[in-house]
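Okay, here's what each chain looks like letter by letter:
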Amino acid sequence: MVEIKGVKKYFKNIKAVDGVDLNIAKGEFVALLGPNGAGKTTLVEMVEGIQIPDEGQISITRKTWKENRTELHKMIGISLQETRFMDKINVRETLCLFASFYGKSQTRVDEILHLINLTEKARERVNALSGGQRQRLALGIALINNPILLLLDEPTTGLDPNARREIWSILNKLKQEKTASLILTTHYMEEAENLCDRIVIMDQGKILMQGSLNELLVSNNLKNTLYFNFVEKTDSQYFSDFKMVWKEEAISGKIILNEMNEDIRRFMKIIESKNLNIKDMEIKSANLDDLFILLTGRHLTT
Amino acid sequence: MKQQFRQLFFTHIKEIIREPAVIFWGMAFPLLTAWGLGMAFGEKSEVEKNIIVLKPLQNSQIIQWIEKSDKVNDSVYVSDGFSLTIMDESNAIIQLKRGEASLMIAPGNELTFIYDPANSEAETAKLQFMETLSNGQNKYITQKITVPGNRYIDFLLPGLMGMNIMMSTMWGISYGMIEKRKLKLLRRMIATPMNRSYFLWSLILARFLINVAEMLLLFIFATLLFDFKLQGSVLNIALVFISSNISFAGLAVILSSRTSNTEVGNGLINAIVTPMTVVSGVFFSYHNFPEFAESIIKWLPLTMSIDALRSVFNEGIALSELWLPLTLLNLSGILFFIVGLKIFKWY
């Protein structure tokens, strides 16, 4: 469906995307996960045809942007980071406008209104919508042409949990239909875990790892994370051998447990030898953030 | 018309008319300006119509009229809604220039009216005054004069119309486009199979139709309130109007072709619009500027537009005399449009 081969994109001296290979199958939902500046948006923009790669090739259903621009535009649906629509134009009118670009009828507009649960808000002007409703409208616009490839750039950033879940439920419905592939960028791990078959972790323009959540965690032998909290400030140097991040420097943080027993023993030994006072500690199942810390020593979300 | 174009066009129209401030600045404001300045500089709407009787007072019909009228002072007499002022010619000319009177009666035995036949108020005043003369005679002589400068309102209205076309087109198109670029809406729109030129053309056409409505409203208002008249042909005024729109639309497209910063856009538009508003003779004649400045000013789009509007409205000028400004307005508009489109940044 989507083939990305050796794609590079530089902005002056910044390597935004630095040699990415990625194939996406029909009906597959893929999440691009990474911190700000990882190159997710630039990669998606190249797939959208808005940016041209400096090197490498991108094709969608074996068609490239150079020769098949109009055809590809008809096949994809996109939702950009924070697009705003015209304030004075109501929900239905906005959908009708975009429907006209694809030659779609009013019936399709009604279907979309129903799908994004905005039928009752159809006559409301866009400026009267909440953040979640606006994002649903943006999603509706992305879906209006029955796209076979959907590109969503941070569709739920800045939304409250309820609004986020509503977007997820629309996308999950779509996933069951298996008609469209999805590339989603996000820095919410739950979003990637919830929606996508495959998670692609990016950092500094490169793909660090990819696979399902389980595959990623298992292949790195990552099961658990130790969360701890000291009573008073200690010396962070004591723990420099661990894969870990501090939440509050030298007081609280978490340690990625690669070898659970061995790591805990070492941790306890330091506490004993340095006579440190633990306030509380807890072991939890590892998540994508822990994996990212294991790989880069940094948090996924900042 | 394709569905796409129709949708884009009506979207632009709705965006315009759903903004109350736009309605005020685009429609009510020019009317208020016309009304305010027209009242301030135009002929006073006195109850009594002022007629000047030139010295020496010799005509028997006028002497009879004065005898039965109320005397205000030695030279002013009021009766039947008219006020006759006896004065010498030099003072009378000043009064005419100031628009304080439009009709004069010449010395001599035969009743002779002196006025500008293009001035319908003077014509009406003359006919009404004839009816107040007691002897029922209606023989009189008409002596034509051309009052220098005509009425101020006749000068002002085409100026306001030109300014309005410029303001509405420049702000409407430029600002609408910059704002949509800033909101990433342009970028979102071109990620669809939307025809890019439809987007610009529908925006320009929507603005053009709003301008037609504004101009008609201003014209009807001026006709009713100031008896403003179109001396030239409707075709000529339409051509001038369309050419002005093309010129300013091109200018708007080139100004808004790159920036996504509304403040920068604001500055750019102001930098073009404000100097033209000041120098292009909207309110006062640009002939007062030094000669070298005048030679530049007269080629500015707003000056060409207003000069052409004035000559069609007030002088009824023929199309053959308009070809130069019309060609320049259209050419500059098309040129700006093409260049603007070439360097246009959708995102």
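Residues numbered from 1 in each chain as written. Chains lettered and ligands numbered in written order. Predicted model: local features only at pLDDT ≥ 70, side-chain atom pairs only at ≥ 80, totals over all residues. Heavy atoms only, no water.

## Focus on the overall build of chain A
Of regular secondary structure, chain A possesses ten helices and 13 strands. Overall size of chain A, expressed as C-alpha extent along the three principal axes, is 75 × 45 × 35 Å. Residues classed as buried in chain A amount to 54% of the 302 residues present. Computing the positive centroid from 41 side-chain charges and the negative centroid from 41, chain A places the two 4 Å apart. (Helix = DSSP H or I, 4+ residues; strand = E, 2+ residues; numbered from the N terminus. Buried < 20%, exposed > 50% of the residue type's maximum accessible area, 1.4 Å probe, protein only. Lys, Arg positive; Asp, Glu negative; His and termini not counted. Charge placed at Lys NZ, Arg CZ, Asp CG, Glu CD.)

## Section: the sheet that holds strand 7 (residues 141-144) of chain B
Backbone hydrogen bonds are what pair the strands of a sheet, in a parallel or an antiparallel way. Residue and element names in this part refer to chain B. Strand order in the open sheet formed by seven strands is 2-3-4-1-5-6-7, with mixed pairing between adjacent strands. On the outer flanks of this sheet lie strand 2 (70-71) and strand 7, each paired with one strand and no other. Contacting strand 1 (49-54), strand 3 (76-79), strand 4 (82-87) and strand 5 (103-105), helix 3 (residues 60-67) runs over the sheet at an angle of about 120 degrees to strand 4. (Pairing = 2+ DSSP bridges. Contact = heavy atoms within 4.5 Å. Axes fitted to C-alpha atoms, helices over the stretch in contact; angles between N-to-C directions.)

## Remarks on the sheet that holds strand 4 (residues 55-60) of chain A
Residue and element names in this part refer to chain A. Across the sheet, which stays open at both edges, the three strands sit in the order 2-1-4 with antiparallel pairing between neighbours. With partners counted over all chains shown, the strands left at the sheet margins are strand 2 (14-24) and strand 4, one partner each. Ignoring which end each strand starts from, the neighbouring axes of this sheet average 20 degrees apart. Along the sheet face, helix 1 (residues 40-48) touches strand 1 (2-11), strand 2 and strand 4 and points at about 120 degrees away from the line of strand 1.

## Some words on the nonpolar core
It is characteristic of soluble globular proteins that their nonpolar side chains tend to be buried jointly. Of all hydrophobic cores here, the largest spans 113 residues; its most connected members are L95, L137, L288 and L291 of chain A together with M170, M189 and F199 of chain B. Ranked by residue count, the leading element in this core is helix 6 (residues 152-182) of chain B, at eleven residues. Ignoring any residue separated from it by four or fewer positions in sequence, one finds L291 of chain A in contact with I201, M209, L216, L217, N220 and L222 of chain A. Formed by 28 residues, the second largest nonpolar core is a distinct cluster that contains V17, L43, M46 and L72 of chain A. (Core = buried A, V, L, I, M, F, W, Y, C linked by side-chain atoms within 4.5 Å.)

## As for the pairing of strand 6 (residues 112-115) of chain B
Residue and element names in this part refer to chain B. Alternating residues of strand 6 divide into T112 and I114 and F113 and Y115, and every residue in both groups is buried. Pairing of strand 5 with strand 6 involves three bridges; the strand directions are antiparallel. Counterpart to M104 in the pairing with strand 6 is I114. The antiparallel hairpin formed by strand 5 and strand 6 contains six residues in its connecting segment, where G108 sits at a positive phi of about 115 degrees. Pairing analysis gives four bridges linking strand 6 to strand 7, with the strands arranged parallel. The partner of T112 across the bridge, within strand 7, is I141.

## Considerations on the pattern of salt bridges
Considering all chains together, one arrives at 23 salt bridges over all chains under this definition. We note a salt bridge from E93 of chain A to K14 of chain B, for which the minimum N-O separation is 3.3 Å. One end of the pair, E93 of chain A, is in helix 3 (residues 91-101); the other, K14 of chain B, is in helix 1 (residues 3-17), on a second chain. Exposure remark for E93 of chain A: the relative accessible area of 14% places this residue in the buried category. For D80 of chain B, the salt bridge goes to K68 of chain B, with nearest N and O atoms at 3.5 Å. Taken together, the residues D80 of chain B in the loop between strand 3 and strand 4 and K68 of chain B in the loop between helix 3 and strand 2 connect sequence positions twelve residues apart. The exposure class assigned to D80 of chain B is partly exposed, which follows from its relative accessible area of 46%. Exposure remark for K68 of chain B: the relative accessible area of 44% places this residue in the partly exposed category. (Salt bridge = Lys/Arg side-chain N within 4 Å of Asp/Glu carboxyl O.)

## Re the domain arrangement of chain A
Put simply, an interface is often sized by how much accessible area is lost when its parts join up. Parsing chain A into structural domains produces domain 1 (2-217) and domain 2 (223-285). Using only C-alpha atoms to locate each centre, domain 1 of chain A and domain 2 of chain A end up separated by 39 Å. (Domains from an automatic or database assignment.)

## Remarks on the side chain of R164 of chain A
Relative to the elements of secondary structure, R164 of chain A occurs in helix 6 (residues 161-177). Here R164 of chain A sits buried without a salt bridge, and the closest side chain of opposite charge, E190 of chain A, lies 4.2 Å off (N-O distance).

## Some details on the interface of chain A and chain B
On the side of chain B, 22 residues touch chain A, which itself brings 29 residues to the contact. Both sides of the chain A and chain B interface together cover about 2,600 Å² of buried area, and 60% of this is carbon and sulfur. The largest share of the area that chain A buries against chain B comes from M86, K88 and F101 of chain A, three residues that together contribute 24% of it. The tally of links from chain A across to chain B stands at four salt bridges. Residue R187 of chain B is joined to E45 of chain A by a salt bridge in which the shortest nitrogen-to-oxygen separation is 2.2 Å. The interface formed by chain A and chain B contains nine residue pairs in polar contact (both at pLDDT 80 or more). Here the element with the most residues in the side of chain A that touches chain B is helix 3 of chain A; it accounts for six residues. Split by residue class, the side of chain A that touches chain B holds 13 nonpolar, seven polar and nine charged. (Buried area = accessible area lost by both parts, 1.4 Å probe. Polar contact = N/O pair within 3.5 Å; in protein donor to acceptor, adjacent residues only side chain to side chain. Nonpolar A, V, L, I, M, F, W, Y, C, P; charged D, E, K, R; others polar.)

## Topic: the domain arrangement of chain B
Per the domain assignment, the segments making up chain B are domain 1 (3-40 + 151-342) and domain 2 (49-144). Taking only C-alpha atoms into account, the centre of domain 1 of chain B sits 43 Å from that of domain 2 of chain B.

## Topic: the packing of helix 8 (residues 196-226) of chain B against helix 9 (residues 234-255) of chain B
Helix-helix packing: each pair is described by the crossing angle between the helix axes and the interaxial distance. Residues and elements named next belong to chain B. Relative orientation of the contacting elements helix 8 and helix 9 amounts to 135 degrees, with a least axis distance of 11 Å. If you check the angle between helix 8 and helix 9, you find them oblique. Between helix 8 and helix 9 lies a crossing of right-handed hand. Residues I204, F208, N211, V212 and M215 of helix 8 form the contact with helix 9, whose own contacting residues are I237, F241, I242, N245, A249 and V253. In the contact of helix 8 with helix 9, the residues fall into nine nonpolar, two polar and no charged. (Parallel < 35°, antiparallel > 145°, perpendicular 65-115°, else oblique. Left-handed = near helix turned anticlockwise from the far one by under 90°.)

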